[in-house]
Structure formats: C-alpha cells, structure tokens
Amino acid sequence: MRVFQKNSNIFNLLSEGVSEGIIVVNAEQEIVATNTSAEEMFGYEKEELIGKPLDILIPKRYHHNHDAHVDNFISKSEKRQMGHGRDLFGICKDGHEFPVEAGLNPFELYGATYVMALIIDITERKRKEKELNHWARIFDESLNEIFVFDADTFNFINVNKEAQRNIGYTMDELLTMTPVDIKPGLNKPKFLKLIQPLLKDEIGKVDFETTHERKDGSSYPVEVHLQLSSMGEKKTFIAIILDITERKNYTEKLEKKVEERTIQLTEALATEKELNELKTRFLSLVSHEFKTPLSSILTSITLLGKYTQTEQQEKRDKHVNTIKNKVKYLDAILNDFLSVERLQSGKVNYNLESFPLSKIVNEVLYDSNMLLKTGQKIQYPDNIDDLIIQFDEKILELALSNLVHNSIKYSPEDSIIDVQVEIEKEKIVLKIIDEGIGIPKAEQKYIFNRYFRAQNALLSQGTGIGLNIAKQHLENLGASLEFTSEENKGSTFIVRIPKERNST
Ligand code: ADP
C-alpha cells in the first residue's frame, strides 16, 4: 500500500479527470486508492475506504461470487469488462444498492499486482432501458396493428407482432415492402395524395378506411390512423390499424335489421293509415248511407202511428217490413265495416263447426226475400238436404248474404236469382247466378278491391266493401270466391269450399 501511495499524486491527477468512479485494489482486494467520483458514488469519505476490503462496496449476496471472479481475474491478469451476462450492483454507505458497470484493469507496480476498477453508475441508463422496454412491449403486444414506415421511401421500418400475424408476412419480408403492397386499392400516387396534408404539417392525423390484403391473398377491412413521427433525423409514419371485420359484420347486420324494422314499420304505418281511412269512410258512410234508410224507417214509424184501425193491418205489416229491411241493411253494413276493421288489424278469430249447409242457405235466402224487387224470384238449390259442411257458419252467412243481396240489388224486376250447389270431387261449389246489369269488362279486375264500385252500379246504394271482405274471409279459410260476368246480361259468383274436412 505504501508503494502505491508514493505515486498517489500522479494517480490523483489522472483519476480526478475522469467521470467514472475509480477504485484500485491490491491482490488482497483491499482498496488502496479511490477518486472523488467513486467516493461520491458510494457515499464514503476517502479515509473510510482506503485499506478496507473491496467487499464493503458490494452487496453481501454477491460476496462469494465476486471473490472468485476477481481472484480468477487477477490470476489471468488481463483487461476486461465485468458483469457480462449478469447485472452488477454496488452498495452505498447508507445501504442503498445501485446498478453499476465495471471495467477491470490489472497492472503491476513495483512488483505488486493491482486492479483498477472503473465504475459507472448505470441507474439512469437502466431506468431508461426499462422505460424503453416498456414502450417496446406496448408496441409489440398491442392488439392493434402498428406499422412504422419511412416517410421518404415508404419502406416499412418496424411492424408489430399483431400486424405481422394478421397480414401474414414476416418482419424480414415486410422490411422490403411498403404500405402500397398491402393495400390492393391503393397505388403510390393515391397514397401520396392521402398523406400530403401530414407531410405539409397541415393536419396532425389522417384517418381512413381501406382494405388490407394478406400474404395468402385474403383481405380484411381496416380503419387506419396515420401520423407523422421521427426516428432521429429520419421522418417516419406510424400507422395504427384496426381490423374492422367484426364491426363491419355487426354494422351490416344492424343495417339489415334496420331495413327489416323499417319494412315492418312501413307496413304498420300503412295498416294504421288504412284503419284511419276506414274511420273516415265510416263517418262518411254514416252521414250518407245511413241517412236514406233511417229516414225511411222514420217515415214508416210515423205512418205506423197513423194506421190505427183494425182493417189497416196490411199497411202496418208493410211498414213493419220496411223497418225490418232497413234495419237489417244497416246492420249488414255495420257488420261489413267491423269485418274490415278486424281483417285489417289481424284480429279475426274463426270458428270451424259442422252444420247442415241448408241451414245457412235457407236463412240467408229467407231474409233476402224481403229485399226482392217486384217480380224477382230466388231459386233455391234442391240437393242440399243432407249436406253437412264444416266451416265457419258466420263467415258463410256473411259471404252468401253479400252475394245474394248484390244479385238482388244489381238485377232488374222480374228477374231470377238462381242459387245452385254442386258437389265436386274435392269441393262444394255454391253459385249465385243473376240476370242483372253485369260488371263492365274493363272494371272486372278491380271488383274485389276494397271500396271499388263499378260505374254502372253507382245508382244503387252500396259501400264497395262486401265482396272484398267476403273474399278475404273465404280465402283465410281455404275457400275461394270468383265470378264471371257480362254487362247487361248478368253475373255468376262462385264460392268453392274445400271438402277434405267436410263429410256428406
Ligand atoms: P257494394 O255492392 O256495396 O257496392 P260490393 O263489394 O258488394 O259493394 O260490390 C262491389 C261492386 O261490385 C259493386 O259496387 C258492383 O259494381 C259490383 N257487383 C257486385 N255484385 C254484382 C252483381 N251481382 N252484379 C253486378 N255488379 C255487381
């Protein structure tokens, strides 16, 4: 140690000039010299270090290891960097540990061996490394795809793992490619135009949607967020990519649903509109169609009161009949309107039951008798006595009475209304044949439209509802309604009821 001190002035001169900590130990690993940097680094005064074993500057857990290293090192007597492959730590006087980098330089002085350790406190470097690692991990582990490329050549510089995985190229392959190579719809001039505002610093970020093509040729929709950045002197672009396949699928599904709902809504609105129209029509019907029958009911009632004598019974009967007729007529139109409303709002409940066909036919024809004009006759079917039919009784009554009433209404006096029933293999067919005004050819196609009335029918009272609802109800129950007609000759309305659930 003495020998070393002899040269301490030269040592001091040299060692104070460097920023690294310098610690010189002899062959026994005793500290023989230190510089100020080393003293500050470890928090000791020089006197506290000189003559002390080097171990006081090394955390305990490394002692054993360290001795072996240094011994080995001294015996080999060569310059070397310490700590390759493992972290080295120093320990301060206050017990605080810190990472160091140490270079060992053995030398001989007056026959003795020494080692000069050059020590750098790398706390700050380690912190930066850690921070950098952290950012690198975020970059690499991000589930967004991140592409970094040169702003001049467009060559990719770095591409994170998720991007490599999804696009299917390795990093080495990507290093020779540019963004244009993975965007099938984009050529270089187009791409340049897209990024111009970024290069000119007009905006901070460009967002757009495009398609990326994988190495295997498949493609996927992406949302791109592009930003200008720099790597030292080099300008780079950072593209953060979101694979929006799922979102697109979801959006498509959503659009489809919206479309469906819109259709449903439009339909509901149309129904609503029709129901509203129905209300309007109903009010106009009440104010027009009801007036005539009601006033004739009123007249009949007034006259009835005047026929007080016994022999005037015939006259009384006539007026009672008129009243009955008119009331039935009003009742029928009201029923038709209620039917439209029910059909329209889907609130129809059918009631299938077995009954003799003759029951309904007789009832309808009997009631219709009262409506007959002078000389008009109804011809009854003669072959239905034993015919049991399974159908909705009310609907059959509604349809048949509408058809027979029309025949009476649209036929002249002294004409015949013929009601026939034919039994076919699979159907029971009802025909109502008249010799009336018929339906003009040009208007026949509209005859089942709601509220439609042919030109030649306008002189008679009517609503244009009866045929429409009769047809709808019949069809809902698997039956059908058709007609043939010739103007001024007559019409035949035909109801076909399936027989399969009917027995004779
Ligand atoms: P309404 O008789 O109340 O007008 P309908 O729905 O029963 O309504 O009939 C619609 C139209 O069909 C009638 O206005 C008429 O033009 C025509 N029509 C129906 N039945 C006959 C018939 N037997 N002869 C001639 N025209 C008819």
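Cut-offs applied
- Residues numbered from 1 in each chain as written.
- Predicted model: local features only at pLDDT ≥ 70, side-chain atom pairs only at ≥ 80, totals over all residues.
- Heavy atoms only, no water.
- Near = heavy atom within 4 Å.
- Polar contact = N/O pair within 3.5 Å; in protein donor to acceptor, adjacent residues only side chain to side chain.
- Areas by Shrake-Rupley, 256 points an atom, 1.4 Å probe, with all protein chains shown as cover.
- Helix = DSSP H or I, 4+ residues; strand = E, 2+ residues; numbered from the N terminus.
- Nonpolar A, V, L, I, M, F, W, Y, C, P; charged D, E, K, R; others polar.
- Pairing = 2+ DSSP bridges.
- Axes fitted to C-alpha atoms, helices over the stretch in contact; angles between N-to-C directions.
- Phe/Tyr/Trp six-rings, centres within 6.5 Å; stacked < 30°, edge-to-face > 60°.
- Buried < 20%, exposed > 50% of the residue type's maximum accessible area, 1.4 Å probe, protein only.

S.K.: What am I meant to see in the site of the ligand here?
M.R.: As a structural note, the neighbourhood of the ligand is formed by 21 residues, with Asn406, Tyr410, Arg453, Thr463 and Leu467 the closest of them. Residue Lys409 places a side-chain N or O atom 3.1 Å away from an oxygen atom belonging to the ligand. With the chains in place, 98% of the 520 Å² that the ligand exposes on its own is no longer accessible. Those elements that place two or more of their residues in the shell around the ligand are α14 (393–409), α15 (466–476) and β18 (490–498). Per-class residue counts for the shell around the ligand are 10 nonpolar, eight polar and three charged.

S.K.: Hey, could you run me through the sheet that holds strand β8 (residues 156–159) in this one?
M.R.: Sheet strands associate in pairs through backbone hydrogen bonding, adopting either a parallel or an antiparallel arrangement. Pairing is antiparallel across the open sheet formed by five strands, whose spatial order is β8-β7-β11-β10-β9. A single partner strand is all that each edge strand has here, and the edge strands are β8 and β9 (205–213). Taken pair by pair, the neighbouring strands of this sheet meet at an average axis angle of 30°, ignoring direction. Across six bridges, strand β7 (residues 145–150) lies against strand β11 (residues 234–243) in antiparallel orientation. Residue pairing across strands places Val148 opposite Ile238, the latter belonging to β11.

S.K.: Before we go on, may I ask you to explain the packing of aromatic side chains in this structure?
M.R.: Note on aromatic pairs: each is described by the distance of the centres and the angle between the planes. Scanning the model with the defined rule gives 12 aromatic pairs in all. Look at Phe149 and Phe156: their rings are 6.1 Å apart centre to centre, the planes differ by 90°, and that puts the pair in the edge-to-face class. Comparing Phe149 with Phe156 shows no difference in burial state: the two are buried. An angle of 25° between the planes, with centres 5.3 Å apart, marks the rings of Phe483 and Phe493 as stacked. Residue Phe483 is found in strand β17 (residues 480–486), and its partner Phe493 is found in strand β18; the two are separated by 10 residues along the sequence. Its relative accessible area of 7% is what places Phe493 among the buried residues.

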